[in-house]
Amino acid sequence: AKARATPTSHQGWAAPLWGGGLDPGAHPRGVTTQEHHSVTQWVPCRFYEKVQALHQDPKASVDNPLLAFSLIKRLHSDWPNVIYSDEATENTQALHAGFKEVEQELPGAEDLDGAARALMRLQDVYALSVKGMANGVFQPAGASRPPLYSPGRRVSLSADDCFHVGKVAYDTGDYYHSIAWLEEAVGLFRLSYGSWNPEDRSSLEDALDHLAFSYFMAGNISHALSLSKEFLHYDPSNRRVARNVAKYEKLLETGMAASAGPLRRPNGTRLQSRDAYEELCQRPGGQPSPEQLPRLSCSYETNGSPYLLLQPAKKEVVRIRPYVALYHDFISDAEAETIKELAGPWLQRSVVASGEKQQKAEYRISKSAWLKDTADPVVRVLEQRIAAVTGLDLRPPYAEYLQVVNYGLGGHYEPHFDHATSRKSPLYRMKSGNRIATVMIYLSAVEAGGSTAFIYANFSVPVVKNAALFWWNLRRNGDGDEDTLHAGCPVLAGDKWVANKWIHEHGQEFRRPCSTDPQD
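Residues numbered from 1 in each chain as written. Predicted model: local features only at pLDDT ≥ 70, side-chain atom pairs only at ≥ 80, totals over all residues. Heavy atoms only, no water.

**Quick notes on the state of the cysteines**
Here is the idea: a disulfide is a covalent bond, and it sits between the sulfur atoms of two cysteines. Put simply, the rule is: Criterion for a disulfide: a pair of cysteine sulfur atoms within 2.5 Å. Runs of H or I in DSSP of at least four residues are treated as helices and runs of E of at least two as strands, each being numbered from the N terminus. Only protein chains enter the accessibility calculation, which uses a 1.4 Å probe; a residue is then buried when its area is under 20% of its type maximum, exposed when over 50%, and partly exposed in between.
Taken as a whole and assessed by the stated rule, the structure comprises 1 disulfide. Across the disulfide, Cys281 is cross-linked to Cys489 (sulfur-sulfur distance 2.1 Å). Between Cys281 and Cys489 the disulfide shows an S-S torsion of about -85°. By sign, it is left-handed. Of the two residues, Cys281 sits in helix H13 (residues 274-282) while Cys489 sits in the loop between strand S18 (486-488) and strand S19 (491-494), which places them 208 residues apart along the sequence. In this pair, the class of Cys281 matches that of Cys489, namely buried.

Set out below in structure tokens:
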């Protein structure tokens, strides 16, 4: 455990920073010097066996969000902690050299913090219990519904894992999440107090310290006092926490402590339709209105195209308003893999339009790449198929390049329109008008989550591997269709890949002409 730095103050209160409040180089209580020397030879071996047991199935390490988070954390901090610990005395030079070879390729602090935020996102959107998640169970909190995802092998989070998630929230002033995760960390640290893992960076004292201050900031002075006193039981010489205890007691004695109200979940992206969005993510599907039912159908379609005569498209009309259709078996497994392989080396963090610029945003977490039709014959054939099914002109500049997107751990895209809602949008730089239609192809399957939710239309479409989802973004009169507000729900389990083809309104004048009704 590291010594605590001089803490910063918040309105005269000493807030905890990093470290366990112990003297430099001190071992946690319950571990003697003799015991310390006895573990020097087996620490690296035990760590290796732990990793090997967790990752027997490489694919499961990506599919299960808890395994994915713990893998990122292990590569970023746990492994270096073991290698550079005093206990790793055997083959020290080889251990350090091996780590240095791959250090540049390992996840960074930004990756680890992003993984922690992803777990909190899954907690929120799918209303998951933090205690359940820590135990490897993806069960909605307080619900009798079955788990949203049941991994083949349950994996639990450690106390140090839970502490890190809570501290990421704590560092941003998000006490709603920090309290839930630090409570779980404190409970797990209490159960294992006296045992010692050299890969851990935190301790019971750390968790108690941060949790106490979180409760104070949330207005629960009495609980902050109780936790601070428990901290002093383990580290009675900590003057900063002792001063906080005295201040907490004074607040309670003078009656100056305000009563703690219910903690409100932060809405960092100011999403107005958050409740509807999350409800649709939790319950994929949605019943169409009675008047729409007779008009929904499944059919084989040639769309008047010779390209589709021998192999018609398998079309399922999902909704009439907005018009949404799902084309099953639109792409083959081999074609999907080729597109993913082509895009893989070029993937970068996805950006969104912000005024006249494009920038990264928390409400869109994914990586994307753009493929020209000259990149590979598979891309060219796919574009011909899209043109045949939609009947639209995809020749430049009437359509954008194929965008390939990968949504990993907790990857999502909050409610948005595909079409531009302002003439200042970068979309108009193509000089081909607004986005009239979207074709989104599912290149992979997911085990849970990842649905495409249409917020105002109140339905969602689950991921269907190799299928293509089509909808009109604009009405025939050129106005944006507000019913197409949609979102990519967070991936709960799995690795979601999609390919987007956005088609613009210029060039489609005679393919989708205006109607006689100005409102249409």
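**Thoughts on the packing of aromatic side chains**
One pair of aromatic rings is described through two measures. These are the centre distance and the angle between the planes. The condition that has to hold: Only centres within 6.5 Å qualify two rings of Phe, Tyr or Trp (six-membered ring in Trp) as a pair; their planes then separate them into stacked at under 30 degrees, edge-to-face at over 60, and tilted for everything else.
If you walk through the whole model with that rule in mind, you get 11 aromatic pairs. Taking 5.1 Å as the distance between ring centres and 55° as the angle between the ring planes, the aromatic pair formed by Phe138 and Tyr149 counts as tilted. Of this pair, Phe138 sits in the loop between helix H7 (130-134) and helix H8 (159-171) while Tyr149 sits in the loop between H7 and H8, and the two are 11 residues apart along the sequence. When sorted by exposure, Phe138 lands in the same class as Tyr149, which is buried. Here the aromatic rings of Phe454 and Phe459 are separated by 4.9 Å at their centres, their planes lie at 10°, and the arrangement is stacked. Accessibility classification places Phe454 together with Phe459 in one group, the buried group. Of the aromatic side chains, those joined through ring pairs into one cluster are Phe213, Phe216 and Tyr248.

**Points about the environment of Ser77**
Threshold: The contact criterion used is simple: two residues touch if any of their non-hydrogen atoms lie within 4.5 Å. By the criterion applied in these results, polar contacts are pairs of N or O atoms within 3.5 Å in which, for protein atoms, one can donate a hydrogen and the other can accept it, and in which residues neighboring in sequence qualify only through two side-chain atoms.
Its location among the elements puts Ser77 in helix H4 (residues 65-83). The spacing of Ser77 and Asp200 is 123 residues in sequence and 8.3 Å in space, taken between C-alpha atoms. Dropping the residues within four chain positions of it, Ser77 is found in contact with Leu112 and Arg201. Among the polar contacts made by the side chain of Ser77, one reaches the side chain of Asp78 at a distance of 3.3 Å.

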